[in-house]
Amino acid sequence: MRTDFDFTPYRRSTVGFDHLFDLLEKGQRSETSDGYPAFDIVREADDRFRITLAVPGFKLDEIEIVAQQNQLAVTGKPAEEDAKRTYLHRGIARRAFERRFQLADYIEVGSASFTDGLLTIELNRVIPEAMKPRKIEIGSGDAEPRRIGSSKEKALESA
């Protein structure tokens, strides 16, 4: 069953939301992947997240992580296998993969670790100082207002 949603009517009636609709459409297209490798996304705290991918059979040098412009790409390319082996049953998938994750603004990749066939990627939300809320001091009405002198008054004071 195909359930594509057409965003065209919304694109015509809104201004400045093109990036949002592009993300939604890209998300619809990527849902058709085969689900390999399996992964979990966990919120550790308000500003910390963790992605864990199950990559059994892969070695550390066969996996690559690239973070670029609000996107995280994890790629796995298995090395050539020994031709002498004959498998009677192959239950552990060791095929090449590429898994992409769209990251929100101000999400940065903190670190990555690989243990027991699980690749763990730590993400942190780092909000710039200019975007953080700040407390504004309110002056009382009793104090005399500060005057900003003009350059003419400064010249007379220095003479």
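Because the structure is predicted, anything quoted here is derived from the model rather than measured. (Residues numbered from 1 in each chain as written. Predicted model: local features only at pLDDT ≥ 70, side-chain atom pairs only at ≥ 80, totals over all residues. Heavy atoms only, no water.)

Looking at the overall build of the chain
Each helix and strand in the chain was counted, giving 3 helices and 7 strands. Written out in order from the N terminus, the α and β elements of the chain read α-α-β-β-β-β-β-β-β-α. The 159 residues of the chain split such that 18% are buried. A separation threshold of at least 6 residues defines the contact pool for the chain, and within that pool the share at least 24 residues apart is 51%. Of the accessible surface of the chain, which amounts to about 13,400 Å², a share of 51% is contributed by carbon and sulfur atoms. (Helix = DSSP H or I, 4+ residues; strand = E, 2+ residues; numbered from the N terminus. Buried < 20%, exposed > 50% of the residue type's maximum accessible area, 1.4 Å probe, protein only. Contact = heavy atoms within 4.5 Å. Areas by Shrake-Rupley, 256 points an atom, 1.4 Å probe, with all protein chains shown as cover.)

Quick look at the side chain of R99
Turning to its location among the elements, R99 is positioned in strand β5 (residues 97-102). Polar contacts involving the side chain of R99 include one to the main-chain carbonyl oxygen of P37, which spans 3.0 Å. (Polar contact = N/O pair within 3.5 Å; in protein donor to acceptor, adjacent residues only side chain to side chain.)

Details of the nonpolar core
In terms of nonpolar packing, the biggest core is built from 16 residues, with L53, V74, I121 and L123 touching the most fellow members. Residue assignment for this core shows that the elements contributing at least two residues are β2 (48-54), β4 (71-76), β5 and β7 (118-125). Beyond its immediate chain neighbours, meaning those up to four positions away, L53 contacts P37, A38, F39, V74, R99, F101, G117, L118, L119 and I121. (Core = buried A, V, L, I, M, F, W, Y, C linked by side-chain atoms within 4.5 Å.)

Overview of the side chain of T75
Of note, T75 is situated in strand β4. By relative accessible area, T75 is classed as buried at 15%. In this structure, T75 is in contact with E62, I63, E64, F97 and E98, ignoring residues within four places of it in sequence.

Let's talk about a nonpolar patch on the surface
Taken together, F17, L20 and L24 make up a surface patch of nonpolar side chains, about 270 Å² in accessible area. Tracing the backbone shows F17 in the loop between α1 (8-13) and α2 (18-30). (Patch = residues over 30% accessible without salt bridge, like charges linked within 9 Å, V, L, I, M, F, W, Y side chains within 5 Å. Salt bridge = Lys/Arg side-chain N within 4 Å of Asp/Glu carboxyl O.)

Examining the confidence of the model for the chain
With 81% of its residues at a pLDDT of 70 or more, the chain has an overall mean of 82. Mean pLDDT in the chain bottoms out at helix α3 (residues 151-158), which sits at 56, and peaks at β2, which reaches 96. (pLDDT = per-residue confidence, 0-100.)

Concerning the pattern of salt bridges
A full pass over the atoms with the stated rule returns 5 salt bridges. Taking the shortest distance from any N to any O, the salt bridge between D47 and R125 comes out at 4.0 Å. Pair noted here: D47 is in the loop between β1 (39-45) and β2 and R125 is in strand β7, with a separation of 78 residues, a long-range link. What makes D47 partly exposed here is its relative accessible area of 39%. Its salt-bridge partner being R100, residue E98 comes within 2.8 Å of it at the nearest N-O pair. We classify E98 as partly exposed; its relative accessible area is 47%. A relative accessible area of 46% means that R100 is categorised as partly exposed.

Some remarks on the pairing of β5
Within a regular strand, the side chains alternate between the two sheet faces. The side-chain alternation of β5 yields one buried face, formed by F97, R99 and F101, and one unburied face, formed by E98, R100 and Q102. Bridge count between β4 and β5: 6 bridges; the pairing is antiparallel. Bridged to A73 within β5 is R100. (Pairing = 2+ DSSP bridges.)

Some thoughts on the packing of aromatic side chains
One pass over the full model with this rule turns up 3 aromatic pairs. Judged by centre distance (5.9 Å) and plane angle (90 degrees), the rings of Y36 and F97 are edge-to-face. Within this pair, whereas Y36 is found in the loop between α2 and β1, its partner F97 is found in strand β5, the two being separated by 61 residues in sequence. Look at F97 and you get buried, because its relative accessible area is 6%. (Phe/Tyr/Trp six-rings, centres within 6.5 Å; stacked < 30°, edge-to-face > 60°.)

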